Amino acid sequence: MISQIFSLAFLAQTIRITVPYSLASLGGVYSERGGVVNIALEGIILNGAFCATVGTYYTGSALFGVICGIAGGLLTALIHAVVSIHIKADQIISGIAINLFAVGITKFVLEILFHSSSNSDRIPGLPHIHLGFIENQPDVARLLGNPLVLLTIIIVIASQFIIFKTRFGLRLRAVGENPEAADTVGISVTLYRYYGVLISGVLAGLAGAWLAFDQHSFTDGMSAGRGYIALAAMIVGKWNPLGAAAACLLFGFAESLQIQLQGAGLPTQFIQMIPYVATIIVLAGFIGKAVAPGADGVPYEKEK
Amino acid sequence: MDGKKHWLEHPATQNFLIPILAVILSFAVGAIFILIVGQNPLEVYSILFSQTLGTSYGVGQLLFKTTPLIFAGLSVALCFRAGLFNIGAEGQLQMGAFVTALVGMYTFGVPAFLEVPLLILAGMVGGGVWGFIPGYLKAKTGAHEVINTIMLNFVAAALVSYFVTNVYNVPATVHTPPIAPTGRLSRFDTVFAGFAGSPVNFSILIALLAALFVWYYIDRTRYGYELRVVGLNPKAAEYGGISVSKNIILSMTIGGAIAGLVGTNFVMGYKYYFEEGFSTGTGFMGIAVALLGNNNPFGVILAALLFGMLEYGGLVINTMVPKELVSILQAIVIIFVISSNKIFRRILVNFLKKRTLSIND
């Protein structure tokens, strides 16, 4: 039984689930390290998935689809950035409104383009690199050879470096932790906060593109709460890229286990709860302390 | 000049003006979407209004959609006044409605004058517990209620899904067995023939009573005063001898209890059982309703009416324009309200400054 569950296929499934979580979660890290709370991740993923589907459908090019997915995520994040950073409106409500907007606009355009309120036509998947060594397991080989899997691993490691070891990362953290001090030494709070939110748009848009290619189509509401799980992973990972990715892997593992156990007559709903309950426990301080960046969620008002 | 305020500066004027402007603007943006589909915005909007407000059946549908929005909006508004952001109304109303159905299943034979209050109380307990948890965690550990309420929404969804599919299940459905018939609230169409066919029921009166309660509680009682002080300035409250943590827990619990009353509409007044997925984001819409209603109980009723009209209106115009137009409208209203609160005041200050200068010249 154990060996049946923890097979190569199980590993592949865990990775499949973890990739979009990680990308969106890293997006959350960039945004919140810069001081902007990003509940809009959910909507960004959805719009990214939709744009990736439409881009691929009309050109037949998966690469163009990925670019469309990123662009869709970026534009959605731009709304959040303008409302949160320029207008200085409430970031949480802005995020909720954007998520609502994404659900509405994707279904609206879906009905116009594909004449269906539930799903788009089929699109091809991403081309994969031939690995050679596990060709007897074509599904697994296709997954591990997927360029986005490789890219995600690179992004996770690079992000840890960027945020903690580069000038850009230092400045981003400065505007999120103590914007007054950052402003005093000449760092543009507005600019760096835009960077943070827009990077989250790129990454969560990419997460959306992954979902679309993985499923070979767009279905209505296909982000299915992944933006919130990514947010949860970001907190459990204590706003660190590696920590967030590790939390995503844990959540992906749990979800994969849940899928495996579905037929076994066990109540899977309790496994489903794991990410959410874990987040509540971590936030309550039972496992170390989870402290958000100092100015997270607070608009910066320049002293007159 | 000094001391006298321009009428535009008055908070009451702004509280009315900003939501109305936001609604008008969002309809204008919505018109662009309608034009893209190749329809006439004026025609679509006139059908939207006439089919919802112009017939008693439409009004009945509108009021049915309005009822849960009032509960959710009040829940969010009350917590807002205490400085808390309750994004958990969705989970609280799921738990409340489920507990209502659960108690109703086991209390056959109880006379109506006991059963109805019992089920109402059950809903309040279910929602109240789900509001108490993030309140308690915030008060005791400082864990942010926004994240915890989001997480608890998902936990609630999984929990009720478990009970509905594995424990209390009518085979081949995703709903529970029915509640005792004495726990039912009558539909309006049993009294007023004009509403025939529409599901609006007497739970809307409970919603109006809840609004009255929230107004009285916040504006007329000592508890409400404490709640407002905590919301405006927790440090000052603590200095003044008001317990911040007690008020946080209390506000979240009451907020949760009010959200839990949503079950009166669906379980007691409409289907007479709990069904998985019965609420399509009512709790989140409650945030928009509270915002548009300026966190005032009577404002919440008006905002819930507007959103209720849009929700039913989407179905009415669906043959001309995808019904998701109304989700887009609702989202734009929210963004405009939070933005115009800031922008409008900025423009106003500039406008008044210029005006004073020109008068002085």
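Above this note sits the structure.
As a starting point, this report considers the structure included with it. None of these values were measured; they are calculated from a predicted model.

Conventions used here
Each chain has its residues counted from 1, following the order in which its sequence is written. Here the convention is simple: chains get letters from A, ligands get numbers from 1, in the order in which they are written. Thresholds applied to this predicted model are a pLDDT of at least 70 for local features of residues and 80 or more for the giving and counting of side-chain atom pairs; totals over whole chains, interfaces and linings are not thresholded and use all residues. The side-chain values count all of the structure's non-hydrogen atoms but skip hydrogen atoms and water molecules. Strands are runs of DSSP state E lasting at least 2 residues, helices are runs of H or I lasting at least 4, and numbering of each runs from the N terminus. Pairs of N or O atoms are called polar contacts if they sit within 3.5 Å, as long as, within protein, a hydrogen donor faces a hydrogen acceptor (for residues adjacent in sequence, only side-chain-to-side-chain pairs). Any two residues whose heavy atoms approach within 4.5 Å at even a single point are treated as in contact. By definition, a salt bridge exists where a carboxyl oxygen of Asp or Glu is found within 4 Å of a side-chain nitrogen of Lys or Arg. Each residue gets one of three labels from its accessible area relative to the maximum for its type: buried under 20%, exposed over 50%, partly exposed in between, using a 1.4 Å probe on protein chains only. Stacked, tilted and edge-to-face are the three classes applied to pairs of Phe, Tyr and Trp rings, where Trp contributes its six-membered ring and a pair requires centres within 6.5 Å; stacked means planes under 30 degrees apart, edge-to-face means over 60, and tilted covers the rest. Charge over a ring is defined by NZ of Lys or CZ of Arg lying within 6 Å of the ring centre and within 35 degrees of the ring normal. Expected helix span is taken as 1.5 Å per residue step, with the number of steps being one fewer than the number of residues. Residues grouped as a nonpolar core are buried Ala, Val, Leu, Ile, Met, Phe, Trp, Tyr and Cys residues, joined through side-chain atoms within 4.5 Å. Accessible area that two parts lose when put together, evaluated with a 1.4 Å probe and summed over both, is termed the buried area. Patches draw on residues past 30% relative accessible area with no salt bridge. Two like charges within 9 Å are joined, as are two nonpolar side chains (Val, Leu, Ile, Met, Phe, Trp, Tyr) within 5 Å. Throughout, the Shrake-Rupley method with a 1.4 Å probe supplies accessible areas, and for residues the shown protein chains are the sole cover considered. Lines fitted to C-alpha atoms define the axes here, with helix axes fitted over just the stretch in contact, and angles between the N-to-C directions of these axes take values from 0 to 180 degrees. Note that the term roughly parallel is reserved for angles under 35 degrees, roughly antiparallel for angles over 145, roughly perpendicular for angles of 65 to 115, and oblique for everything else. Amino acid classes used here: Ala, Val, Leu, Ile, Met, Phe, Trp, Tyr, Cys and Pro are nonpolar; Asp, Glu, Lys and Arg are charged; the rest, including Gly, are polar.

What about the side chain of Asn86(B)?
All names here are of chain B.
- Note on placement: Asn86 falls in the loop between helix 3 (56-81) and helix 4 (89-105).
- A polar contact is formed between the side chain of Asn86 and the side chain of Ser75, at a distance of 3.0 Å.
- A distance of 3.0 Å separates a polar atom in the side chain of Asn86 from a polar atom in the side chain of Gln92.
- Dropping the residues within four chain positions of it, Asn86 is found in contact with Ser75, Val76, Cys79, Gln92, Thr149, Met252 and Ile287.

Some words on the pattern of salt bridges
All names here are of chain B.
- By the definition in use, this model includes eight salt bridges over all chains.
- The closest approach of N and O atoms between Asp219 and Arg81, which form a salt bridge, is 3.9 Å. Taken as a pair, Asp219 in helix 7 (residues 203-220) and Arg81 in helix 3 lie far apart in primary sequence, 138 residues in all.
- For Asp219, a relative accessible area of 30% gives the class partly exposed.

Remarks on the environment of Phe164(A)
Residues and elements named next belong to chain A.
- As for its position among the elements, Phe164 is in helix 7 (residues 147-165).
- Under the relative-accessibility criterion, Phe164 is labelled partly exposed at 27%.
- Separated by 77 residues in sequence, Phe164 and Pro241 place their C-alpha atoms 9.7 Å apart.
- Not counting residues within four places of it along the chain, the set of residues in contact with Phe164 comprises Arg33, Arg173, Asn240 and Pro241.

Thoughts on the packing of aromatic side chains
- Applying the stated criterion to the full structure yields 33 aromatic pairs over all chains.
- Ring centres of Phe98(B) and Phe274(B) lie 5.5 Å apart, and the angle between their planes is 80°; this geometry places the pair in the edge-to-face category. In this pair, Phe98(B) sits in helix 4 while Phe274(B) sits in the loop between helix 11 (262-271) and helix 12 (282-292), placing the two residues 176 residues apart along the sequence. Neither Phe98(B) nor Phe274(B) differs from the other in exposure class; each is buried.
- Three or more aromatic residues joined by ring pairs form one cluster here, namely Phe270(A), Phe64(B), Phe98(B), Tyr106(B), Tyr162(B), Phe163(B), Tyr168(B), Phe266(B), Tyr270(B), Phe274(B) and Phe278(B).
- We note Arg184(B) situated over the ring of Tyr272(B); from NZ or CZ to the ring centre the distance is 4.0 Å.
- Positioned above the aromatic ring of Tyr223(B), the side-chain terminus of Arg222(B) is 5.3 Å from the ring centre.

A few points about helix 4 of chain B
- Compared with the 24 Å implied by 1.5 Å per residue over 17 residues, the 24 Å span of helix 4 of chain B between its first and last C-alpha is a close match.
- With 14 of its 17 residues buried, helix 4 of chain B lies for the most part within the structure.

A short note on the nonpolar core
- Residues Ile39(A), Ile87(B) and Phe307(B) are the most contacted members of the largest nonpolar core, which totals 194 residues.
- In terms of residue count, helix 5 (residues 91-114) of chain A provides more of this core than any other element does, 12 residues in total.
- Contacts of Ile87(B), omitting those with residues within four sequence positions, involve Ile39(A), Ile92(A), Ile96(A), Val146(B), Thr149(B), Ile150(B), Asn153(B), Phe284(B) and Ile287(B).
- Ranked by size, the runner-up nonpolar core spans six residues in total, among them Val175(A), Ala182(A), Val189(A) and Tyr192(A).

Quick word on the interface of chain B and chain A
- Contact residues are listed per partner, giving 44 residues for chain B and 37 residues for chain A.
- Between chain B and chain A, a total of about 3,600 Å² is buried, with carbon and sulfur atoms accounting for 83% of that surface.
- In terms of surface lost to chain A, no three residues of chain B exceed Met151(B), Phe154(B) and Glu324(B), which account for 16% of the buried area on that side.
- Taken together, the connections running from chain B to chain A amount to one salt bridge.

Section: a nonpolar patch on the surface
- A surface patch of nonpolar side chains, amounting to about 560 Å² of accessible area, comprises Tyr57(A), Tyr58(A), Ile112(A), Leu113(A), Ile32(B) and Ile36(B).
- For the nonpolar patch, the elements supplying multiple residues, two or more each, are helix 3 (41-59) and helix 5 of chain A together with helix 1 (11-37) of chain B.
- By the element assignment, Ile36(B) lies in helix 1.

Section: the packing of helix 7 of chain B against helix 8 (residues 222-232) of chain B
Residues and elements named next belong to chain B.
- Between helix 7 and helix 8, the shortest axis-to-axis distance is 5 Å and the interhelical angle comes to 75°. The angle between the axes of helix 7 and helix 8 places the two elements in the roughly perpendicular class. Residues Tyr217, Ile218, Asp219 and Arg220 of helix 7 form the contact with helix 8, whose participating residues are Arg222, Tyr223, Gly224, Tyr225, Leu227 and Arg228.
- Among the residues making up the contact of helix 7 with helix 8, the classes are represented as five nonpolar, one polar and four charged.

Some thoughts on the environment of Arg226(A)
Residues and elements named next belong to chain A.
- By the secondary structure assignment, Arg226 is in helix 11 (residues 226-236).
- A relative accessible area of 21% places Arg226 in the partly exposed class.
- Taking the C-alpha atoms as reference points, Arg226 and Ile39, 187 residues apart in sequence, are found 11 Å from one another.
- Dropping the residues within four chain positions of it, Arg226 is found in contact with Tyr21, Glu42, Ile45 and Leu211.

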